[in-house]
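Observations on the three-dimensional arrangement
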Amino acid sequence: MKSGHTKHKKHKKTHSSKKINLIAFLIILPIAIAAIIIQSRPRVYIKKYKDSRYQLFVRNRPYIIKGVCYNPVPIGGNHEYDVFSDPEKPWISDGKLMKEMGINTVRFYQVSDNTEGVKEVIRDLYRLYGIRSILGDWLCFWEYPCPRYGDEDFQEQVRQRVLSRVNLYKDEEGVLFWVLGNENNYSFSGQVNPWTSTEIEEESEPAKQIYLRAKTYYSFVNQLAREIKEIDPEHPVALGNGELLWLDVANEVCPDIDLVACIIYRGKSFGNLFQSLKRNFDRPLVLTEFGADSYNAYKKEEDQDMQTYFLELQWQQIQKNLYGNKEGEGNCLGGTIFEWTDEWWKHNEYLQDTWSIHDTDAGWSNGSYYFDIRAKNNMNMNEEWFGIVGLSEELEDGINKRIPRKSYYALSEFLKNPKKKLKTKLQKPK
Amino acid sequence: MKTKIAIFIAALMFFAPFSFAEEAAMTENDTFVVYLDKGARENHYIPSGHMGDYGDIKMNDQSLDNPHSGSSCIQFVYSAKASQGNSWAGVYWLFPANNWGAKKGGFDLTGMTKLTFWARGQKGGEVIQKFGVGGVGIDKDVPYPDSTVVESQPIELTDAWKQYTINLAGEDLSYINGGFFWTTSADLNPEGATFYLDDIQFEADPEIKPEEKKSQAMPFYVYSDRGAISNHFIPSGWMPATGSRDIKYNQSHKENPYLGDTCIQLSYYDNSGTRWAGIYWQHPANNWGIQDAGFDLSAAKKLTFWARGDKGAERIEEFKVGGIMGESSDSDSTSIGPVMLNKEWTQYTIDLAGKDMSYIIGGFAWATNVDVNPEGVTFYLDEIKYE
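The model shown is predicted, which means the values in this text are computed figures rather than measured ones. (Residues numbered from 1 in each chain as written. Chains lettered and ligands numbered in written order. Predicted model: local features only at pLDDT ≥ 70, side-chain atom pairs only at ≥ 80, totals over all residues.)

1. A word on the overall build of chain B
Note the threshold: Only runs of H or I of at least four residues qualify as helices and only runs of E of at least two qualify as strands under DSSP, and these elements are numbered from the N terminus. Each residue is classified by how many other C-beta atoms fall within 10 Å of its C-beta atom, where C-beta atoms are placed from the backbone; a count of 20 or more means buried, 12 or fewer means exposed, and values in between mean partly exposed. By the criterion used throughout, residues are in contact when their C-beta atoms, derived from the backbone, lie within 7 Å.
Tallying secondary structure elements over chain B gives two helices and 26 strands in all. Summarising its shape, the C-alpha atoms of chain B cover approximately 85 × 55 × 40 Å along the three principal directions. When each of the 387 residues of chain B is scored for burial, the buried share is 43%. Relative to all contacts within chain B whose residues are 6 or more apart in sequence, the contacts with residues 24 or more apart total 80%.

Right, here's the structure in full:
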């Protein structure tokens, strides 16, 4: 009896133990599967939901890009300045200011050949401040005499450079994604950096020539994206584009592009940007260049209110079109404001004497920035005044002292509490 | 303490008469008169702001020629001679006279919901491009701009008195210095126009509701013929600022139009050195997104137009609809181009399928440049319409 009882107990225990094992197995299995799936996911990836809504994940956590374009040319410097080789390490104090503002991403248009310097900047920004880096490449757009995208030798030259850089930096934890090109599509019309090929020359109709340029360029970029993914499956690849122009052609030939990185200067509203992209080239969008200058060319005075007004409205629309915001399109991943600091060299880039002068002449016209469009000849865009942080000639820690503008503080509030700020009624600048 | 109370009472007595008087004018009456008869005590504002070709306007504000009511009406004779070279003219009722926003003179007309006036043409068929309220200094750098602007569509007058209404319900009328205005043009009245106005007044009509923007019926013309009342949008957005030196525009070209009596002739030559130029057709004129005035063209499936080059092979970089971005922005934009024009009339289509045409200020535009037209270019447009 005892033994029978014991046997029964033992049997019961065994049965119970099996049951526990089964439950444990059933609990652990999905966790294990999830862990395997999570482990197998790239470090940075984009998830697509229904209705073409997208969300960016970094290390399996949602990530909204709250960024700035970063090219901190000091007063007196010009486009040859290389932040990655700057012994004063401006990114140390800039990164601190950025973090305080709520910035989590910087965009570099192009990295230099100083490999160790590039790694140091990416690492410092990430380790000290948690700021990740978007790494871009011009794809030799400014090559003299022109970028010959229809030429195989030229393509190979670009390809080697891009892939070698991807190889160099793909394992850096701070890298967010790659951007191929910037506003290279403006060359399709033949007005900027015109390039051609035999096939294009044989076509007499200008509209078809443009189509052929677009197809040639986008096909090449797609090939690059495919090869990047072969050596670096951990990061998405973006197509850099000026506005949404010719993305309908990209839609035909760019299956390997993960996202679009757009330059948009439309004033206070992005208009139909998000809907239009969904319609023409269904990819998530990062606004990698947008913003407003802080100089009123009509009143001929600094106007920080004007810049703040535009930037807040622009960020509101980015916020509205992020995944999870039902009233928007859900295809925006964030943006990088143009830009962190003013660049004093830009207006007269070939006159060295002017690189130390904060030029108040406007370089181009854009009616969407309407507060100062009545400036002489409608020239209202002051290229040297786009920073959300101004520069002083006074040095601090070896670099030009940073003077955050109103937009810095306003956006800081917004980025930290976007939903609350969305309800705020903005005051128009006087 | 007593001193403070005394000062307070004194201050109240000092300011009270002014504020009470203003209140009485604004809210206790259900009308606010602009013009009843010459010299009427109820009149407000002065028709002093003569605009455009002011030399083309003759005004008689005590015309005895068949007034609608009372003893007099206002007669305007517009000669369309383009005395100042503008080919348009108009008159603003301002207060005080000639105040374009530099002085504080506007009235708070909150509570008024419409402006009514009576008008007739001497012959009938005279076209007034627009009547309106407000708008003084609204996009200008002046200390006292009006709080709103409301405009009518073009109106073709009859030879009998007829009452017209401008709906002001829902508008911010807290500061109106431009109490009333009209403008018209030589294109709309090539032979000039004589017309009469009477009994112009604001009214507080509780029944009137804010005007809902409705989708425009198709076809919706940008240009059919010179001065056609069916035309919409004004070719006012000459780009860039130097555009007037580089572009010649004639919307009354009579030689070989595609349809009707006239077509548009455009010539571009890079006189300014700016290297490019173009024109936007806007609503209203010069609206770069400052005024909330877009048409709802949701019913449009396409925009078509006819074009030809003077010699053939002229290259226009872009024909476009929408795309104006300002305080109020177009809801979408799309374009075709570059287009190589033929010497013969050819129809072009801008496909609007899938486009959001619910709010359009920039109805049509073109642009080209010197690089593709080093010798300049002359071309023609006709029958520009949404369908």
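2. Quick notes on the interface of chain A and chain B
So the rule is basically this: Ten residues, namely Ala, Val, Leu, Ile, Met, Phe, Trp, Tyr, Cys and Pro, are considered nonpolar, four, namely Asp, Glu, Lys and Arg, are considered charged, and the remaining ones, Gly among them, are considered polar.
Taken together, the contacts link 18 residues of chain A with 19 residues of chain B. Every element with two or more residues in the side of chain A that touches chain B is listed here: helix H6 (206-231) and helix H8 (273-280) of chain A. Of the residues belonging to the side of chain A that touches chain B, the class tally is four nonpolar, eleven polar and three charged.

3. Points about the packing of helix H4 (residues 152-169) of chain A against H6 of chain A
Residues and elements named next belong to chain A. How we decide: In this description, a line fitted to the C-alpha atoms serves as the axis of each element, helices being fitted only across the stretch in contact, and the angle between N-to-C directions of two axes falls anywhere from 0 to 180 degrees. For this classification, under 35 degrees means roughly parallel, over 145 means roughly antiparallel, 65 to 115 means roughly perpendicular, and everything else is oblique. Two helices cross in a left-handed way if the nearer one is turned anticlockwise from the farther one by less than a right angle. They cross in a right-handed way if the turn is clockwise.
It is at 10 Å that the axes of H4 and H6 come closest, and there the two elements cross at 30°. Relative to H6, the element H4 is oriented roughly parallel. Taken as a pair, H4 and H6 cross one another with a handedness that is right-handed. Note on element contacts: H6 touches H4 through Phe220, Leu224, Glu227, Ile228 and Ile231, opposite Gln155, Arg159, Val162, Leu163, Val166 and Asn167. For the contact of H4 with H6, the residue count by class is seven nonpolar, two polar and two charged.

4. A word on the sheet that holds strand S2 (residues 53-58) of chain A
For clarity, the cut-off: Strands pair, by our definition, only if DSSP identifies at least two bridges between them.
The strand order across the open sheet built from three strands is S1-S2-S3 (chain A), with neighbouring strands paired in antiparallel fashion. The open sheet has two edge strands with one neighbour each: strand S1 (44-49) and strand S3 (61-62) of chain A.

5. Brief notes about H4 of chain A
Because each turn of an α-helix spans 3.6 residues, side chains separated by three or four positions in sequence point in the same direction. Residue and element names in this part refer to chain A. This is how it is decided: Take the residue count of a helix, subtract one, and multiply by 1.5 Å to get its expected span. Here the arc refers to the set of directions running from the helix axis out to each C-beta atom.
Helix length check: H4, at 18 residues, gives a terminal C-alpha distance of 26 Å against a target of 26 Å (1.5 Å per residue), a fit within 8%. Taken as a whole, H4 has its buried residues at Val158, Val162, Val166 and Tyr169. Each buried residue of H4 lies within a common arc of 80° when the element is viewed along its axis, so the set occupies one face. Exposed and oriented more than 90 degrees from the buried face of H4 are Glu152, Asp153, Glu156, Gln160, Ser164 and Asn167. Contacts from the buried residues of H4 go to helix H3 (115-129), strand S6 (132-137), strand S7 (175-180) and H6.

6. A word on the environment of Tyr298 of chain A
All names here are of chain A. Mapped onto the elements, Tyr298 comes out in the loop between strand S11 (295-296) and strand S12 (301-302). Expressed as a C-alpha distance, the spacing of Tyr298 and Ile373, which sit 75 residues apart in the sequence, is 6.9 Å. Among residues more than four places away in sequence, those in contact with Tyr298 are Asp372, Arg374, Ala375 and Asn380.

7. Some details on the sheet that holds strand S5 (residues 105-108) of chain A
Residue and element names in this part refer to chain A. Here eight strands make up a closed barrel; going around it, the order is S4-S5-S6-S7-S8-S9-S10-S13 and the pairing parallel. Across the sheet, the axes of successive neighbouring strands diverge by a mean angle of 25°, strand direction being ignored. Direction of pairing for strand S4 (residues 65-69) relative to S5: parallel, over a ladder of three bridges. Looking across to S5, one finds that Val68 is bridged to Val106.

8. Examining the pairing of S1 of chain A
As a general feature of sheets, a regular strand has side chains that alternate between the two faces. Residues and elements named next belong to chain A. Taken together, the six bridges between S1 and S2 define a ladder with antiparallel strand orientation. Note that in S2 the partner of Tyr45 across the bridge is Phe57. Taken together, S1 and the strand that follows it, S2, pair antiparallel across an intervening segment of three residues, in which Asp51 is found at a positive phi of about 65°.

9. Considering the domain arrangement of chain B
All names here are of chain B. The test is simple: Boundaries of every domain are those given by an automatic assignment or by a domain database.
By the assigned domains, chain B splits into domain 1 (27-203) and domain 2 (220-386). Facing nine residues of domain 1, the contacting portion of domain 2 comprises eight residues. By residue class, the composition of the side of domain 1 that touches domain 2 is five nonpolar, no polar and four charged.

10. Describing the pairing of strand S26 (residues 377-386) of chain B
Residues and elements named next belong to chain B. In terms of residue burial, S26 counts as a mostly covered element, since nine of its ten residues are buried. The pairing of strand S14 (residues 220-223) with S26 spans three bridges and is antiparallel. Among the inter-strand pairings, Phe220 is bridged to a residue of S26, identified as Tyr386. Across five bridges, the pairing between strand S17 (residues 263-268) and S26 is antiparallel. If you follow Ser267 over to S26, its bridge partner there is Thr378.

11. Topic: the nonpolar core
Put simply, the rule is: Each nonpolar core comprises buried Ala, Val, Leu, Ile, Met, Phe, Trp, Tyr and Cys residues, the members being joined through C-beta atoms within 7 Å.
Grouped together as the largest cluster of nonpolar side chains are 145 residues, with contacts concentrated most on Leu180, Ala238 and Val260 of chain A. Looking at this core element by element, the count peaks at nine residues for H6 of chain A. In contact with Leu180 of chain A, other than residues within four places in its own chain, are Asp137, Leu139, Val221, Leu224, Ala225, Val237, Ala238, Leu239 and Gly240 of chain A. Within the second largest apolar cluster, 45 residues are counted, among which are Tyr45, Phe95, Met112 and Phe202 of chain B.

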